[in-house]
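# Residue-level structural notes
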Amino acid sequence: MPSSRLQDNSSMLSGTIVPIRRHEPGTQPDYLYPAYRATRLRAPSQPLIFLPHTLSEVTGPVFGHSGIHPHDQDLTLQHAGEPLGERIIVRGRVLDGDGHAVSNSLIEIWQANAAGRYSHRKDDHPAPLDPNFSGTGRTLTDNDGFYSFVTIKPGAYPWRNHDNAWRPAHIHFSLFGPAFVTRLITQMYFPGDPLFAYDPILQSIPDERARQRLVSRFDMETTKPEWALGYRFDIVLRGRESTPFEK
Amino acid sequence: MDLTPTPSQTVGPYLHLGLTDARSISRIANDGARGERLWLTFRLLDGDGVLVPDALIELWQADSEGNYAPQESSADSTAFIGFGRLATADDGSCTFETIRPGCVPGPGETVQAPHINVSILGRGLLKRLSTRVYFAGEPANAADPVLTLVPENRRATLLAQPDPARTSNWIFHVHLRGEGETVFFDV
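Reading the values: the criteria
- Position numbers for residues count from 1 along each chain, tracking the sequence in the order it is written.
- Following the order in which they are written, the chains are lettered starting with A and the ligands numbered starting with 1.
- Totals for whole chains, interfaces and linings use every residue, but because this is a predicted model, local features are given only for residues with pLDDT of at least 70 and side-chain atom pairs only at 80 or more, for both listing and counting.
- Helix numbers and strand numbers start at the N terminus; a helix is a DSSP run of H or I with at least 4 residues, a strand a run of E with at least 2.
- Counting other C-beta atoms within 10 Å of a residue's C-beta gives its exposure: the residue is buried at 20 or more, exposed at 12 or fewer, and partly exposed in between, where C-beta atoms are placed from the backbone.
- Two residues form a contact once the distance between their C-beta atoms, set from the backbone, is within 7 Å.
- Radius of gyration means the value over C-alpha atoms here, while the globule rule gives 2.2 Å times the residue count to the 0.38 power.
- The pairing criterion for strands is at least two bridges between them, as found by DSSP.
- Here the term charged refers only to Asp, Glu, Lys and Arg, the term nonpolar to Ala, Val, Leu, Ile, Met, Phe, Trp, Tyr, Cys and Pro, and the term polar to all other amino acids, Gly among them.
- Buried Ala, Val, Leu, Ile, Met, Phe, Trp, Tyr and Cys residues whose C-beta atoms connect them within 7 Å together make up a nonpolar core.
- Angles shown run from 0 to 180 degrees and are taken between the N-to-C directions of axes, each axis being a line fitted to C-alpha atoms and, for helices, limited to the stretch in contact.
- For every residue, the predictor assigns a confidence score, pLDDT, that lies between 0 and 100.

### Remarks on the overall build of chain A
Looking only at helices and strands, chain A has three helices and 14 strands in total. Expressed as lengths along the three principal axes of its C-alpha atoms, the size of chain A is roughly 55 × 45 × 35 Å. Burial statistics for chain A: of 247 residues in total, 44% are counted as buried. For chain A, the proportion of contacts with a sequence separation of at least 24, taken over those separated by at least 6, is 71%.

Spelled out as structure tokens, the structure:
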């Protein structure tokens, strides 16, 4: 492999590393959030060690571009019949923290079915499985950072975190972005869900405004007449530190 | 529009559905890749020393000459991919096949010792944990600019150890919390 390929990397400017911007306090959850019980044995107890970014942090994989089928972004077309439940369209745009579109980048999603049951061997919630719904999708963002999925609105479901614990309806989203440290896995929620206040996973985000960023909004523009309601969910990945070259 | 990055949330216990059932990568280096071939086994333990069966491990590493795969190439089609991801099995472990990375330039005139960048996600992890795998016995470790940021008594947590039972196999224990806790980085 020619060593000159490093110079092709957009994270390098005149041989200098341009670091990825750090998060503002309160805008991401901490590792330890005791109300979410599983964090008590899995969150580190020692302080993290601050790592100034090197080539290892500002580069990242280009992953998942091949083998994406048209049905991968329409979760209602993956089986012989149509899944039960409320058909929806989820559409949005992926930007970085500088407002640039994150284009041609993989998004992977997974979710429960309309009854609140995952098609997963370890989900034992006594709600019906739907033979016509797997609940997994993937797509690439377009040149302007837009994506869309057609799916079924997932149901809420119980979990054993505390007495009478229920997860608000959500869709898991996985994104890569341009660097190993821009990797993001999150959950999208639906507007007005009465379970928000009781959900320690959503409530683990200290900043109220940051928390609201995980709630999609009903979008009449995305809604298709006689067919499906639309929800808009925009996602922002970390941008780069500004440099003298950019200002 | 508000450009504050979107908050992270846990992958939950059913991460396999969306991530690894269809798209695991256990081979970071395919047959054509040059370098010293090795197998790296992760074993993940929680604060009670119990094995963690519902986590995701993602790796990103340089090739044997210390170059990261360029953004222009696709990770799906080359001999050296540089990226791997696996879910931990019921016994809390997973094994990648790769090659030993080369040294990577560090800040200033420094040189980073061969290392593999690690992301850990899982049920009970509200956001990614970041760590690095270095190789025990590697002479370049002594001058590595990242290892030297780590208190000396915790550096060993970042060293993969050769498996005495199998040549070319390395083992890396991740202790998420408590006794022998692995060093995690703020990236």
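### A few points about the overall build of chain B
The number of helices and strands found in chain B is one helix and 11 strands. If you list the helices and strands of chain B from N to C, you get α-β-β-β-β-β-β-β-β-β-β-β. By the compact-globule yardstick of 16 Å for 187 residues, chain B fits well, its C-alpha radius of gyration being 16 Å. Along the first, second and third principal axes, the C-alpha set of chain B runs to 45 × 40 × 40 Å. Across the 187 residues in chain B, those meeting the buried criterion constitute 47%. The contacts of chain B with a sequence gap of at least 6 include a subset with a gap of at least 24, amounting to 72%.

### Section: the pairing of strand β2 (residues 55–61) of chain B
Residue and element names in this part refer to chain B. Judged by how many residues are buried, β2 sits mostly within the fold: seven of seven residues are covered. With burial as the criterion, each face of β2 is covered, one bearing Ala55, Ile57, Leu59 and Gln61 and the other bearing Leu56, Glu58 and Trp60. In terms of strand pairing, β2 meets strand β7 (residues 115–122) through seven bridges, oriented antiparallel. Bridge pairing in β7 links Glu58 to Ser119. As paired elements, β2 and strand β3 (residues 83–87) share five bridges and run antiparallel to each other. Directly across from Glu58, in β3, lies its bridge partner Arg85.

### Structural notes on the interface of chain A and chain B
Residue-level contacts link 73 residues of chain A with 63 residues of chain B. Sorting the residues of the side of chain A that touches chain B by element identifies β3 (49–50), α1 (55–58), β5 (106–111), β10 (170–175), β11 (184–189), α3 (208–212) and β14 (235–237) of chain A as the ones contributing at least two each. Looking at the side of chain A that touches chain B element by element, the count peaks at four residues for β11(A). Class assignment of the residues belonging to the side of chain A that touches chain B gives a composition of 34 nonpolar, 27 polar and 12 charged. Pairing of β3(A) with strand β11 (residues 185–186) of chain B, which is carried by two bridges, proceeds in the parallel orientation. Each bridged residue has a counterpart across the sheet, and for Ile49(A) the counterpart in β11(B) is Phe185(B).

### Points about the nonpolar core
Grouped together as the largest cluster of nonpolar side chains are 106 residues, with contacts concentrated most on Leu175(A), Ile57(B), Leu59(B), Ile120(B) and Val133(B). Take this core: its biggest share by element is five residues, from β2(B). Ignoring sequence-local partners within four residues, the contact set of Ile57(B) consists of Phe42(B), Arg85(B), Leu86(B), Thr88(B), Cys94(B), Val118(B) and Ile120(B).

### Observations regarding the sheet that holds strand β9 (residues 159–162) of chain B
Residue and element names in this part refer to chain B. Overall, mixed pairing links the eight strands, which are arranged β3-β2-β7-β8-β9-β10-β1-β4 in an open sheet. Edge positions in the open sheet fall to β3 and β4 (93–99), since each of these has one partner strand only. If you compare each strand with its neighbour and ignore which way they point, the axes differ by 30° on average. Relative to strand β8 (residues 129–135), β7 runs antiparallel, the two sharing six bridges. Looking across to β8, one finds that Ile116 is bridged to Val133.

### Overview of the pairing of β10(A)
Residue and element names in this part refer to chain A. Along β10, six of the six residues are buried, which leaves the element largely enclosed by surrounding structure. Side chains His170, His172 and Ser174 project from β10 onto one buried face, and the interleaved Ile171, Phe173 and Leu175 project onto a second face that is buried too. With five bridges connecting them, β5 and β10 associate as antiparallel partners. Along β10, the bridge assignment pairs Glu108 with Ser174. Note that β10 and β11 share six bridges and pair antiparallel.

### Observations regarding the environment of Lys127(B)
Along the polypeptide, Lys127(B) turns up in the loop between β7 and β8. Residues Lys127(B) and Pro101(B), 26 residues apart in the sequence, show an inter-C-alpha distance of 27 Å. Discounting residues that sit within four places of it in the chain, Lys127(B) has contacts with Gln28(A), Pro29(A), Tyr31(A) and Ser8(B).

### Some details on the environment of Ile120(B)
Residue and element names in this part refer to chain B. Secondary-structure assignment places Ile120 in strand β7. When the C-alpha atoms of Ile120 and Val174 are compared, they prove to be 9.6 Å apart, with 54 residues separating the residues in sequence. If we ignore the near neighbours within four places in the chain, the residues touching Ile120 are Ala55, Ile57, Leu125, Arg128, Leu129 and Val174.

### Points about the sheet that holds β11(A)
Residues and elements named next belong to chain A. Within the open sheet, the four strands sit side by side as β6-β5-β10-β11. Their pairing is antiparallel. Among the strands making up the open sheet, the edge pair consists of β6 (136–140) and β11. Neighbour to neighbour, the strand axes of the sheet diverge by 20° on average, direction disregarded. Pairing of β5 with β6 involves five bridges; the strand directions are antiparallel. Paired with Glu108 across the strands is Arg138, a residue of β6.

### Quick word on the confidence of the model for chain A
Residues shown with low pLDDT carry predicted positions that ought not to be read at fine detail. Of the residues in chain A, 92% reach a pLDDT of 70 or more, and the chain-wide mean stands at 92. Scored below 50 in pLDDT, residues 1–14 of chain A shows 26 contacts in the model against residues more than four places distant or in partner chains.

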